[in-house]
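Analysis of the macromolecular model
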Amino acid sequence: MPAPTLEQSTAVDTFRRGEHLVLQAGAGTGKTTTLAMLAASTTTSGRYIAFNKSIANDAA
C-alpha cells in the first residue's frame, strides 16, 4: 500500500476517532485505496455500499 497523502491520513484519523466520514472525490483519486487504509486501521467490521452491479462484483 502506498504512503498516505495528507487527505488520506486525515480520513484515517477521523475514522479512528469514530466520527462520521464521507469520501467524495473524482475517478482515480484514491478513494478505494483510502477505504483499504480505513479497513486496515481497525479490527471491526464495516459496510461498503456499491451503487451498481459492476462495482459490487469488483468489491467482492
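Please refer to the structure higher up on the page.
Residues numbered from 1 in each chain as written. Predicted model: local features only at pLDDT ≥ 70, side-chain atom pairs only at ≥ 80, totals over all residues. Heavy atoms only, no water.

**Some remarks on the overall build of the protein**
Our working rule: Helix and strand definitions follow DSSP, with helices as H or I runs of at least four residues and strands as E runs of at least two, each counted in order from the N terminus. When checking whether two residues touch, look at their non-hydrogen atoms; a contact exists if any pair is within 4.5 Å. Surface exposure here means Shrake-Rupley accessible area, sampled with a 1.4 Å probe, where a residue is shielded only by the protein chains that are shown. Neither His nor the chain ends is counted toward charge; the positive residues are Lys and Arg and the negative residues Asp and Glu. We put the charge of a Lys on NZ, of an Arg on CZ, of an Asp on CG and of a Glu on CD.
Secondary structure assignment for the protein yields 3 helices and 0 strands. N-terminal to C-terminal, the α/β element order of the protein is α-α-α. If one aligns the C-alpha atoms of the protein with their principal axes, the spans along those axes are about 30 × 25 × 20 Å. Across the protein, every contact between residues at least 6 apart in sequence was considered, and the portion connecting residues at least 24 apart equals 49%. Carbon together with sulfur atoms contributes 55% to the accessible area of the protein, which is approximately 5,000 Å² in total. Looking at the protein, you have 5 positive and 4 negative side-chain charges, and the mean spots of the two groups are 8 Å apart.

**A look at the pattern of salt bridges**
Heads up, the rule is: By definition, a salt bridge exists where a carboxyl oxygen of Asp or Glu is found within 4 Å of a side-chain nitrogen of Lys or Arg. The buried label goes to any residue with under 20% of its type's maximum accessible area, the exposed label to any with over 50%, and the partly exposed label to all in between, with areas taken from a 1.4 Å probe on protein chains only.
By the definition in use, this model includes 1 salt bridge. Between Arg-17 and Glu-19 there is a salt bridge whose closest N-O contact spans 2.7 Å. Judged by relative accessible area, which is 52%, Arg-17 ranks as exposed.

**Side note on the side chain of Gln-8**
Selection rule: Polar contacts here mean pairs of N or O atoms no more than 3.5 Å apart (in protein, one a potential hydrogen donor and the other a potential acceptor; neighbouring residues in sequence count only if both atoms are side-chain atoms).
Along the polypeptide, Gln-8 turns up in helix α1 (residues 6-16). A distance of 2.9 Å separates a polar side-chain atom of Gln-8 from the backbone nitrogen of Thr-5. A polar contact of 3.1 Å, which involves the side chain of Gln-8, links it to the side chain of Thr-34. Not counting residues within four places of it along the chain, the set of residues in contact with Gln-8 comprises Ala-3, Gly-30, Thr-33, Thr-34 and Met-37.

**Here's the deal with a nonpolar patch on the surface**
Keep this limit in mind: Surface patches are drawn from residues lacking salt bridges whose relative accessible area is over 30%; two like charges belong together within 9 Å, two nonpolar side chains (Val, Leu, Ile, Met, Phe, Trp, Tyr) within 5 Å.
Judged by side-chain polarity, Phe-15, Leu-21, Leu-23, Leu-35, Tyr-48 and Ile-55 come together as a nonpolar surface patch covering roughly 460 Å² of accessible area. Along the chain, Leu-35 falls in helix α2 (residues 31-40).

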